[in-house]
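Chain residues, written in single-letter form:
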Amino acid sequence: MKALQGFKAVELVVPTGKSTMTITDSVIRFNKATAVELGYPAYVRVLVNEKDQQIAIQACTAKDANAIKFSKSDGKQTGSVSIKTPAVLEAVAKFFTLSNPSENEIDQRVINGVNMPDSKAIVFNVADAEASVTKRRGRRKVSE
């Protein structure tokens, strides 16, 4: 096998897209590609690295400490995954200054993640966050 030393097999799994985390003052949302890259885990742990300014999610089981519900199984997860757990929102919000510009707009940060397949995790670097504003959804307030 010395003739093939240094070679590695071509991965047949096609990348599904970029994992993206969107942060607002009331929710942390992960796009469907994030669930796909992690293998549709039912539970994840949210990890923060304050020194390096990073946020990570790692697939885990329901029995693991600090596990929170994440994804439905393959084929059943039709859209993004939202996390509204207060402790998680508080830990992640420390990295950002969010202020809603108006009653109809929401300030948000969007970060592309880096897949770490060996750790079953995706890491998001706070320095890579892009600020944006989106329109508020849902019922409109009735004006008097």
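Summarised in this report is the structure supplied together with it. (Residues numbered from 1 in each chain as written. Predicted model: local features only at pLDDT ≥ 70, side-chain atom pairs only at ≥ 80, totals over all residues. Heavy atoms only, no water.)

Observations concerning the overall build of the protein
Alright, step 1. Of the regular secondary structure elements, the protein holds two helices and nine strands.
Alright, step 2. The buried share of the protein, taken over its 144 residues, is 30%.
Alright, step 3. For the protein, restricting intrachain contacts to residue pairs at least 6 apart in sequence, the fraction spanning at least 24 positions comes to 58%.
Alright, step 4. Counting only carbon and sulfur atoms, one obtains 51% of the accessible surface of the protein, whose full area is about 10,200 Å². (Helix = DSSP H or I, 4+ residues; strand = E, 2+ residues; numbered from the N terminus. Buried < 20%, exposed > 50% of the residue type's maximum accessible area, 1.4 Å probe, protein only. Contact = heavy atoms within 4.5 Å. Areas by Shrake-Rupley, 256 points an atom, 1.4 Å probe, with all protein chains shown as cover.)

Topic: the nonpolar core
Alright, step 1. Among the nonpolar cores identified, the biggest contains 23 residues, and M21, I28, F30, F70 and F96 are the most heavily contacted of them.
Alright, step 2. Broken down by secondary-structure element, the contributors of at least two residues to this core are β1 (20–23), β2 (28–30), α1 (32–38), β4 (54–60), β6 (81–83), α2 (86–93) and β8 (121–125).
Alright, step 3. Broken down by element, the residue count for this core peaks at three residues, all from α2.
Alright, step 4. Setting aside its immediate chain neighbours within four residues, F70 contacts F30, T34, A35, L38, P41, A42, Y43, V44, I57, V81 and I83. (Core = buried A, V, L, I, M, F, W, Y, C linked by side-chain atoms within 4.5 Å.)

Section: unusual backbone geometry
Alright, step 1. Notably, Q53 is not glycine yet its phi reads approximately 55°, a positive angle.
Alright, step 2. Owing to a relative accessible area of 36%, Q53 belongs among the partly exposed residues under this scheme.
Alright, step 3. Look at K120: it is not a glycine, yet its phi comes out positive at around 55°.
Alright, step 4. Inspection of the secondary structure assignment puts K120 in the loop between β7 (105–116) and β8.
Alright, step 5. The exposed category is assigned to K120, whose relative accessible area is 55%.

Quick word on the environment of V36
Alright, step 1. One can find V36 in helix α1.
Alright, step 2. Counting along the chain gives 35 residues from V36 to S71, while the straight-line C-alpha distance between them is 9.3 Å.

Structural notes on the side chain of T22
Alright, step 1. Along the chain, the position of T22 falls in strand β1.
Alright, step 2. Setting aside its immediate chain neighbours within four residues, T22 contacts V27, I28, R29, Q108, R109 and V110.

Looking at the pattern of salt bridges
Alright, step 1. Scanning the entire structure with this criterion turns up two salt bridges.
Alright, step 2. Here D52 makes a salt bridge to K51, at a shortest N to O gap of 3.9 Å. (Salt bridge = Lys/Arg side-chain N within 4 Å of Asp/Glu carboxyl O.)

A closer look at the pairing of β1
In the case of a regular strand, side chains alternate between the two sheet surfaces.
Alright, step 1. By the alternation rule, side chains of β1 split into T20 and T22 and M21 and I23, which are all buried.
Alright, step 2. The pairing of β1 with β7 spans four bridges and is antiparallel. Looking across to β7, one finds that I23 is bridged to R109.
Alright, step 3. For β1 and β2, the ladder comprises three bridges, and the chain directions are antiparallel. (Pairing = 2+ DSSP bridges.)

Details of the pairing of strand β3 (residues 43–49)
Alright, step 1. Note: β3 against β4, seven bridges, orientation antiparallel. Considered in β4, the bridge of Y43 is made with C60.
Alright, step 2. Hairpin connection between β3 and β4: a loop of four residues separates the two successive antiparallel strands, and Q53 in this loop has a positive phi of roughly 55°.
Alright, step 3. Note: β3 against strand β5 (residues 68–69), two bridges, orientation antiparallel. Following the sheet pairing, Y43 is matched in β5 by K69.

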